[in-house]
Structures are given as structure tokens and as C-alpha cells.
Amino acid sequence: MAKCAMHKGRDIPKVHIPDELLAERRLQVLHGYFQWWIQVLREEFGNEKAKELAVQWGRKKGIHTARLYGAYFKKKGIALNDLPAIMFEIGRSAGILGERSQGWVEGNKAVVQTLVCPTGKMFVELGLGLDCCVQQCDAFMEETWKAIPDIDYKRTRGIDKDDFCEWEHWKK
């Protein structure tokens, strides 16, 4: 049986891309799609409407992420009040998204700092601004943390006014 469709031309060998490089390239492609979509919205509806839609996008993204976290925590048996375990998973998600962050847990309180954020970079490059990035991120967080009702949070720093974003988290 043939490994590919029969043809009279020359076989093009299958390219094997290392998993790490493949993940990085896929993230770049997804970010590119987002960048071009925002550009279309800005051209079609103007910058203010694009900013408003970007905040709505953040909220929708948070609703979806809450569903994912809820199912994942249940599957893995992670209690919704297990602050260290939840912060570990949040940190892992940040890494998957290409963010560079740091965080720590002290007793019943956690601090997470996002030092480099590809989303913020895109918002600036597209002229939406860091203030819009923080607004969409706040909408995202508001929806996401509904999946984790035993832990509360507040933004303590934002990249629109500081050099990075920071949140405090604590058990309710």
C-alpha cells in the first residue's frame, strides 16, 4: 500500500518539526490571525469600536477559559480552594500563551506578575494601547475566576501605568 497518493511527480518528504518549535510557530500564527482581525475591525468600524470589541473579546475568552479550568480542575481532582495548585496551573497556562511571569504563594495569599505579555505587545502594535489591553484582561479575569469561586483576586498593577501587570489572590 502506498504511503501517499499515487502520482507521476516527485515525492515531497514529510517535514518533521520539533514539538517546541511547532508550538512556538503555532502561537505566532494565532497571534498573526488576531492582529489581522483587529486591523480589519479598526478599518471597518474605527479605533474606539475596535477597542470596545477587544474588551468583549477578552470577556468571551474568559468565559471559555472558565469552562476549561472548571473541567480541568475537576478531572485532575484539584480543589477550588487549593491556592498553590491553582496558581501552578495558572502559571503553566501563562507559559503556554508565551507570557513570562513569576508568582509566589505565602500562606493564604498569592502574587502573580506578568512581566512579558504577547497580547499587550499586540495591543500596542495595533494602536489599541495598553489601557485597552488592561481593560480586556480585567474582563477576561472577571469571567475566568468565576470557575474558581473559593479564591478571590484583585489587580494591583497594570502595564498601562506600571512596567508589568500584577494580581493578588487569596482564599475567600
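Remember, predicted model here, so these are calculated numbers, not experimental data.

*Asks:* Got a minute to help me understand the state of the cysteines in this structure?
*Replies:* One way to say it: the disulfide is the covalent bond shared by the sulfur atoms of two cysteines. Under the counting rule described, the total for this entry stands at 0 disulfides. Looking at the unpaired C132, the closest cysteine sulfur is the one in C133, lying at 7.6 Å. We classify C132 as buried; its relative accessible area is 1%.

*Asks:* Explanation requested: the packing of aromatic side chains in the structure shown.
*Replies:* Following the criterion strictly, the structure yields 5 aromatic pairs and no others. An angle of 10° between the planes, with centres 5.4 Å apart, marks the rings of Y69 and F73 as stacked. One end of the pair, Y69, and the other, F73, are both in helix 2 (residues 47-76), 4 residues apart, so they sit about a helical turn from each other. Here the aromatic cluster, defined as three or more aromatic residues joined through ring pairs, consists of F34, W57 and F123. The positively charged end of K61 is found above the aromatic ring belonging to F140, 4.8 Å away from the centroid.

*Asks:* Help me understand helix 2 in this model?
*Replies:* In an α-helix, one turn spans 3.6 residues; hence positions three or four apart end up facing the same way. Across its 30 residues, helix 2 extends 42 Å between first and last C-alpha, which sits within 8% of the 44 Å expected from 1.5 Å per residue. Contact partners of the buried residues in helix 2: helix 1 (19-45), helix 3 (83-96), helix 4 (118-125) and helix 5 (129-144). Among the residues trailing helix 2, G77 stands out with phi positive, at a value near 70°.

*Asks:* Would you mind showing me how to read the nonpolar core here?
*Replies:* For soluble globular proteins, nonpolar side chains are generally found buried alongside one another. Counting residues in hydrophobic clusters, the biggest one holds 19 residues, and the most contacted among them are F73, I86, M87, M141, W145, I148 and I151. Those elements that place two or more of their residues in this core are helix 2, helix 3, strand 2 (109-116), helix 5 and strand 4 (165-171). Top contributing element to this core by residue count: helix 3, with 4 residues. Apart from the residues lying within four places of it in its own chain, the contact partners of M141 are Y153, W167 and H169. Among the nonpolar cores identified, the runner-up in size contains 13 residues, and F34, L128, C133 and A139 belong to it.

How each quantity is defined
Per chain, residue numbering runs from 1 following the sequence as it is written. With pLDDT at 70 or above as the cut-off, local features in this predicted model cover only qualifying residues; side-chain atom pairs require 80 or more to be listed or tallied, and sums for whole chains, interfaces and linings still use all residues. Values shown for side chains rest on all heavy atoms present in the structure; no hydrogens or waters enter the calculation. The disulfide definition used here is simple: a pair of cysteine sulfur atoms within 2.5 Å. Between buried and exposed lies partly exposed: a residue is buried under 20% and exposed over 50% of the maximum accessible area for its type, with that area taken using a 1.4 Å probe on protein chains only. Only the six-membered ring of Trp is used, alongside the rings of Phe and Tyr, when aromatic pairs are assigned; centres must lie within 6.5 Å, and planes under 30 degrees apart are stacked while those over 60 apart are edge-to-face, with the rest tilted. Numbering of helices and strands starts at the N terminus; helices are DSSP runs of H or I of at least 4 residues and strands are runs of E of at least 2. A ring is scored as having a charge over it whenever the NZ atom of a lysine or the CZ atom of an arginine sits within 6 Å of its centre and within 35 degrees of its normal. Here the expected span of a helix is defined as 1.5 Å times the quantity of residues minus one. In what follows, a contact means two residues having at least one pair of non-hydrogen atoms within 4.5 Å. To qualify as a nonpolar core, a set must consist of buried Ala, Val, Leu, Ile, Met, Phe, Trp, Tyr and Cys residues joined through side-chain atoms within 4.5 Å.

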